[in-house]
Each structure stands twice: as structure tokens, then as C-alpha cells.
Amino acid sequence: MRSLPLALLAAGSLSAAAQTAPASSAPSTSPEPQGYTLKTSTRLVVLDVVVLDKNDKPVTGLDKSQFTILEDKVPQRIRNFEPHVPPANGAPKTVVTSTADLKKIGTDPVDILVLDELNSKFEDMAYARDRMEHYLMRQPEVLPHPTQIVAAGDAHFVVLHDYTQSRQELLDAVKKHFPQYPWQMMRNSSGDGALERTSQTLGVLGQIADASSGTPGRKNVIWMGVGYPMIDTVSLDEEDQDKIMAVVKTITTRLQMSRVVLYVIDPQGVHAVQQDDGTDADGNPTTSGPTDSLGPFADKLDFASFATATGGAIFAERNDIDVAIADSLKEASVYYTLTYTPTSTDDAAAPFRKIVVKLGTPGLHAVTRQGYFSGPPPVEAAPTPTAKTSNQLKWDIAAAAQTTLPYNGLDVQARQDGKGYKLLVLAKDVTWIDEDEGSRRAEATIMVVCYNVKGKELLHKSIEEKERIPAGTDVDHGQHVAFPFAFDVPEKTSRIRFVVRDAGTGHIGTADVNLK
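Below: a short report on this structure. (Residues numbered from 1 in each chain as written. Predicted model: local features only at pLDDT ≥ 70, side-chain atom pairs only at ≥ 80, totals over all residues. Heavy atoms only, no water.)

### Overview of the overall build of the protein chain
Step number 1: The helix and strand inventory of the protein chain stands at nine helices and 24 strands.
Step number 2: A total of about 22900 Å² of accessible surface is found on the protein chain, and carbon and sulfur atoms cover 51% of it. (Helix = DSSP H or I, 4+ residues; strand = E, 2+ residues; numbered from the N terminus. Areas by Shrake-Rupley, 256 points an atom, 1.4 Å probe, with all protein chains shown as cover.)

This is the structure:
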């Protein structure tokens, strides 16, 4: 039996950030994003449902009465219903030019294009980039949805371009990018090497979910590549099997809470995902087996399972990748958002809650995520002065610090303040704890990393910071709380990245200061 590599064990302790709406304090005029929030006192399940006809074409014009939600075969009451349909007439307008502008679009969807340079052959990467260019060239000059392009490789998670609606800016970014050579895959494509790639790939999915958790709408992630290799869990001992499934459950929950839908596009293969409605060919309920607690990962642990789990699709065995991208985004642009509060609150009774959406019109079928792992998502507490920082905190914060990917789980601004900086965090984004004397306290882990013009790290420093506010302070209307951070900026520093992680929810926000 093999033991899992260190990186995977570290990823296994990552926190699944819950969508909460906490509280905190200084004025701001920025508009508050509108969207769904998940309170810690009440579980609210949010479903983005694509409805397809018998020709697999998206269906519009449905109302709430035509949907039935079953959780573990028990009907649920739909609390909220909202259709999402692209504008019928007129060219789209440019609203978003960066992550900071996403507040302007409310619950509208965004698209994230990922070039998988960790698990793809070099020649496949070149082909995927060429097809992505063809796809972009066929789009209007102003894209209907804000789109971001990133590349995941052995050494770096690179942002080729932040969110934009400019087709030309994305084309220029793709053309300038030179793919990373997949050294790890070429050196060792099986055994511990495959497990290490699995760890890194799951880490990328977790980063995407965390980075976009402050954007309330649906995120369509188009993954260009095969993802990590299938893991033979039989070759692992029981302890390691438990650890790897903990990783899978955590990442699945993070994707769910951030409303990420994954589409996997592989040059080799196509099947679209149609939801299993829990019945056999004769309409009889299927029986439950002992592996039902693992949900969509019960039979196999492969990357495609994340697509089916999130309500996405897998496109394979085709050479027209540009068409596959267009098909997936066209399907993803027409959907219905439904929310419900589960009737069952017994988390121990069903580790994986299976969701089925049925429609009252014959010939239509629903595509949505298959369910969720029950129980509150784990959030690692900030360490005490005498305690060691956990693998989770180290990985979460270091991953955010070592990329240029903007994180908007917290609204963070950095302002120079004497010998250091003051970090302003939107007060309603952080968790406030009531103190005995009547005040309230917020806790955050903060890291600063200074880079030179070539991207070399010159300094990194982290602190645990606490701020208090008087009882009765209004924290819900654009106020900020200030966390001071004193440090000496090294000579030749070109960019400073600040990472702030809320101790209560695990949400992360970043701010970058460019000096040169």
C-alpha cells in the first residue's frame, strides 16, 4: 500500500468556505452586490438548473410551478426562483474590465477559461490554445459575460487576463502566453507522481472557488484538458483512502458554495451530462448501496466526476474544441436558479444528499449538481500564540499569495500608513464575535509578500490580527474595519500582495500594490 504525498495531505485539510453574511466598521460608497447568502443558522441550498429539450437545446420561459426538487427522494419547497436568459436584442455593453467591476453585474454569470498545462501533453496544449483563439475570434467584440483566462502548470497558477468583456484583450493574452512544459507528468505519470498532480489539480479547483466566492452568481469554468489521472483507491491503505475522500468532499463543497459549474473539454472525447433521476428504465426507484455516502465519487475517482457533480459536462472525442467551448457556454447561459431549505437536518443520516430536479413538461430534462455532502463545512480556526499554523492555513494563504489571481471573498483595500500599510476590509464580510464587556471582535490572518520586477520573492511575513468595535456599531452599510500591518518594504520591490483570511468563515481577499 502507498501513502499519499505531503501536498495531498495538506490539501486535504483545506477549508470549505461557507457563504455567510457576517458583520464590522469606516465609510464606503461602493455598491453592495445582490445575491444569495447562506446563513450559518439556516442551510439554504442554491441550485443552478439548465433545462434541455429532447434535442439538448436550452429551454426558456418556464415558471416555478414546472419544477419539483427531491432531496433523497423527499420533495422540497422551492423558496426562490429566478430565470437567467441572455438579452434577446442589442449588443452587450462593456461593464466589467477587472474583478473589481464584478460588483456591477449582480448575480449574472461569469466565465473562467482554464488551460490545463499540468496534465496535458505539450502538443495538446498548443492545439488547445489555437482552438481557444478560434473560439474567441468568432465572438463579438464585447463579450456578453465577463471572462477570465488562467493557466495551471507544474510551477505556477498564472492569470493570463483578469475578467474582461474585451475579446481583443483576451486574444492578445492567449497569443502572448507560452505554455509551461509538463515536467512532472512527463517524468512520472503514475504512482506518487500522479497523486501529486491530483493534489495540485484539486488545489487549482479550490483556488478558483475561493478566489471567486465574493461573486454571487454562477461561475462557468471551462477546463481545457483531461485533468488529473484516475486514482486506483484500492492500492491505497484505508487511512489514505479516508484522507483522499476528505479532500474530494472538501473541494466539492467549496465548488458548491461558490456556485462553480465545471465543463471539461478534452481533444479525445463527447458526452453531455444528463442528471440521473433516481429511477431505472421502468421508472422504479433504484436501490441505495453502501457507497452512496460518496455520492458521484462512489464508483471511481476521476476528474470527470467533478463535472458531473457540479452539473457541468464532459466534451471528448472531437477535434473542434472551439465549438465545444461555444456549446458549453451557450448551454450555461440559459438557466434557472432555485433555492430551498432541506426538510431533513440530520447530517449523520445521509452523508451525501442526492438532489433530483424533475419537470412537469414531457420531453424536458434538468441538468444540475447531483447533491452535496451534508454537515457544516469545516473552517480552520486561527492559531493561538502558542499553536502551530495548520497545513490548511499555510496552503490557503500561500496559494493566494503566490499568484496574481484576485481573490474577492473579502473586499480588501491596501493604503500606505506610516511604516507599513493599513488594510481596509468591508465590515459586513468578516465575522464578529460578541465580547463579555459588550464590544465585538474580528480576527484575521494576514500575509504580505513583496516581489521584484521579475517575480522573485523578496519578503514574506504573516500575522494574526484582532480588531474590536463598540457594541451597537453599524456594520451593514458600506463600513470598513482597519487592520494595521507594519513592515519594511525591501529595496527593488515592484509589487506587494496582501492576503487577508477571515477566521470565522475562511473567506479570503487580496489586494495588490504596484510600486514600479
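That was the structure; now back to the text.
### Topic: the pairing of strand β21 (residues 457-469)
Step number 1: Where strand β20 (residues 440-451) and β21 come together, twelve bridges link them in antiparallel fashion. In the strand pairing of β21, C450 is matched with L459. (Pairing = 2+ DSSP bridges.)

### Some words on helix α8 (residues 321-332)
Step number 1: The terminal C-alpha atoms of α8 lie 16 Å apart, and with twelve residues this matches the ideal 16 Å at 1.5 Å per residue to within 8%.
Step number 2: When we look at burial in α8, the residues that qualify are I321, D322, A324, I325, S328, L329, E331 and A332. (Expected span 1.5 Å × (residues − 1). Buried < 20%, exposed > 50% of the residue type's maximum accessible area, 1.4 Å probe, protein only.)

### Structural notes on the sheet that holds strand β22 (residues 480-486)
Step number 1: Judged by pairing direction, the sheet is antiparallel, and its three strands sit side by side in the order β17-β18-β22 without closing on themselves. Both outer strands of the open sheet, β17 (412-416) and β22, are each paired with one neighbouring strand and no more. Each strand axis lies, on average, 25 degrees off the axis of its neighbour in the sheet, ignoring direction.
Step number 2: In the sheet, β17 pairs with strand β18 (residues 420-426) via five bridges, with the strands oriented antiparallel. Bridge assignment links Q413 to a residue of β18, and that residue is L424. (Axes fitted to C-alpha atoms, helices over the stretch in contact; angles between N-to-C directions.)

### Re the nonpolar core
Note on soluble globular proteins: their nonpolar side chains tend to be buried together.
Step number 1: With 51 residues, the main nonpolar core has L205, L262, F297 and F306 as its most contacted residues.
Step number 2: In contact with L262, not counting residues within four places along its chain, are L205, V221, W223, F303, F306, A307, T310, G312 and A313.
Step number 3: Core analysis: the second largest hydrophobic core is formed by 26 residues, L115, V174, M224 and I265 among them. (Core = buried A, V, L, I, M, F, W, Y, C linked by side-chain atoms within 4.5 Å. Contact = heavy atoms within 4.5 Å.)

### A few points about the packing of helix α2 (residues 122-137) against α8
Step number 1: For the pair α2 and α8, the least separation of the axes is 7 Å and the interaxial angle reads 55 degrees. The pairing of α2 with α8 is recorded here as oblique in orientation. With respect to the hand of their crossing, α2 and α8 are arranged in right-handed fashion. Of the residues in α8, those touching α2 at Y127, A128, R131, M132, H134 and Y135 are I321, D322, I325, A326 and L329.
Step number 2: Looking at the contact of α2 with α8 residue by residue, the classes come out as eight nonpolar, one polar and two charged. (Parallel < 35°, antiparallel > 145°, perpendicular 65-115°, else oblique. Left-handed = near helix turned anticlockwise from the far one by under 90°. Nonpolar A, V, L, I, M, F, W, Y, C, P; charged D, E, K, R; others polar.)

### Considerations on the packing of α2 against helix α3 (residues 167-176)
Step number 1: Packing of α2 against α3 leaves a shortest axis separation of 10 Å and a crossing angle of 165 degrees. With respect to α3, the axis of α2 lies roughly antiparallel. In the crossing of α2 with α3, the sense of the turn from one axis to the other is left-handed. When α2 is examined against α3, the residues R129, M132, E133, L136 and M137 are found in contact with a partner set consisting of R167, L170, L171, V174 and K175.
Step number 2: Of the residues that constitute the contact of α2 with α3, the class distribution is six nonpolar, no polar and four charged.

### Considering the pattern of salt bridges
Step number 1: Evaluation of the coordinates by the stated rule reveals 16 salt bridges.
Step number 2: With a shortest N-O distance of 2.9 Å, D512 and R497 are connected by a salt bridge. In this pair, D512 is assigned in strand β24 (residues 508-514) and R497 in strand β23 (residues 495-502), connecting sequence segments 15 residues apart.
Step number 3: The exposure class of D512 is partly exposed, given its relative accessible area of 35%.
Step number 4: Several salt bridges converge on common partners, so that one network encompasses D130, R131, R138 and D322. (Salt bridge = Lys/Arg side-chain N within 4 Å of Asp/Glu carboxyl O.)

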